[in-house]
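# Structure assessment
Listed below are the residues making up each chain.
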Amino acid sequence: MERKEDSTGSGAEWILMFVFFMIWLLIIFDKTDEVMKTIYSIKEKIPVDMTIWDEAGENLIKNARGEIIPLLSYEKYLEEDSLFLPLLRTALSGEIFPIQGYSTDYWKDNGNVENQYSDFVPDYFRESDEGNVEDKKEDAGRMEETASGKSYTLDELSDNEFLREKFYIIDSSTSVTKKELDGKKLAEMDLSGNYTGTEPKVLIYHTHGSETYKKEKGKNGSVIEVGKELKKQLEEKYGIAAIHDTTVYDQVNGELDRSAAYNYAGESVASALKKNPSVQIVIDLHRDSVDDSINLVTEIKGKKTAQIMFFNGVSRLAGSGDIEYLYNPNKTANLAFSLQMQLLAARYYPDFTRKIYIKGYRYNLHLAKRAMLVEVGAQNNTLTEAKNAMEPLSELLYRLLGGEKAYVSAE
């Protein structure tokens, strides 16, 4: 079917071109005041209701807005027979609104868009939570190995330098203040809770549910199967009712797409928490990515077990400071949760946890006080090793909800 030419749109273009040209002349020759006085004097002498002209001008602006703005977003307009609008579109998207140009090139996969737009588009627009958690790590971040469990003193935990060196890897893209990493305050915070009853107390989900482990018996096990094992351990061993969300948030129409996985997961988790106010712990289970030479395996109770890593986001970038649009009212509680779990692991299962990894952004941890992101093994681990890690992890969660503190007051 042939498309009919829209003469109204074409006329609007020429009028806009004329108006913009006249405005440009007025600015150049500084005659704006004089022209406006002339216009008003003519307006007073015309014996016609000027509301007609006002409405006409208003309609012209509305039509112009309808013509111009959609062109910045919808490719179907590119083929229209237009003289003025393509030039305006190019100017707006390439010079005035580089974010529009970035968006278009990003979705078209036009070259290295991150570098191309790095000087024009803010970091907060170009970067998201996606891809930051599982960046391939060359440092395994292992805790100092001890032959038996170790309990740290409050004096040690109060030493900020000691705390950072022993317990954390702070990514170069972010920063953490001494006030935020107040080890004594974080270790002493009360995170105990009521874990009895039939109502769910733990919510398990997977932002990157498509992550898999090394082939075992010809099959790649999914991180979602690890979540099923955690739910089983919590319910059967400790009587802690749990919900397991098995939605794969990083696939669209069967294809890997992590462009909005955290948004999708966050919406679902927020909805689940609203429906289940009894939930006290929220866990996002992931599988990490490390250098191929790293093998994240330890032995617990005679079984090969994948090492785990607690991951925190502090909503701050080293170069630009706090990310206001990713405000997290539960940041202190999140940091306390991971540190207390780390201390319990050091006491009962040395070599089970890697150092806590801290990075910018929020990772949906704002949704609950006791919210955490846990990396279970990496691409070099088997599903069996990852599932074995759920036994000690469930025990640590049980101990924390029970109010146990894994520090000593003095040497």
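Above this text sits the structure in question.
This is a predicted model, so every value here is computed, not measured.

### Points about a nonpolar patch on the surface
Nonpolar side chains collect at one region of the surface, where Ile15, Phe18, Val19, Phe21 and Met22 lie side by side and expose about 440 Å² of accessible area between them. Taking the relative accessible area as the measure of exposure, Val19 reaches 33% and is therefore partly exposed.

### Regarding the pairing of strand β10 (residues 308–313)
With six of six residues buried, β10 is to be regarded as a mostly interior element. Along β10, one buried face is formed by Ile308, Phe310 and Asn312 and the opposite face, lined by Met309, Phe311 and Gly313, is buried too. Of the pairings in the sheet, the one linking β10 to strand β14 (residues 370–378) comprises four bridges and is antiparallel in character. Residue Phe311 lies in a different strand from β14, and its bridge partner there is Leu373. In this structure, β10 lies alongside strand β13 (residues 356–359), joined through three bridges in parallel fashion.

### What to know about the packing of helix α11 (residues 223–238) against helix α15 (residues 390–401)
Across the interface, α11 lies against α15 with an axial gap of 9 Å and an inter-helix angle of 50°. Our classification of the angle between α11 and α15 gives oblique. The element α11 and its partner α15 pack so that their crossing is right-handed. Touching Val226, Glu229, Leu230, Gln233, Leu234, Lys237 and Tyr238 of α11 are Met390, Glu391, Leu393, Ser394, Glu395, Leu397 and Tyr398, all from α15. Split into classes, the residues belonging to the contact of α11 with α15 amount to eight nonpolar, two polar and four charged.

About the thresholds
Residues numbered from 1 in each chain as written. Predicted model: local features only at pLDDT ≥ 70, side-chain atom pairs only at ≥ 80, totals over all residues. Heavy atoms only, no water. Patch = residues over 30% accessible without salt bridge, like charges linked within 9 Å, V, L, I, M, F, W, Y side chains within 5 Å. Areas by Shrake-Rupley, 256 points an atom, 1.4 Å probe, with all protein chains shown as cover. Salt bridge = Lys/Arg side-chain N within 4 Å of Asp/Glu carboxyl O. Buried < 20%, exposed > 50% of the residue type's maximum accessible area, 1.4 Å probe, protein only. Helix = DSSP H or I, 4+ residues; strand = E, 2+ residues; numbered from the N terminus. Pairing = 2+ DSSP bridges. Axes fitted to C-alpha atoms, helices over the stretch in contact; angles between N-to-C directions. Parallel < 35°, antiparallel > 145°, perpendicular 65-115°, else oblique. Left-handed = near helix turned anticlockwise from the far one by under 90°. Contact = heavy atoms within 4.5 Å. Nonpolar A, V, L, I, M, F, W, Y, C, P; charged D, E, K, R; others polar.

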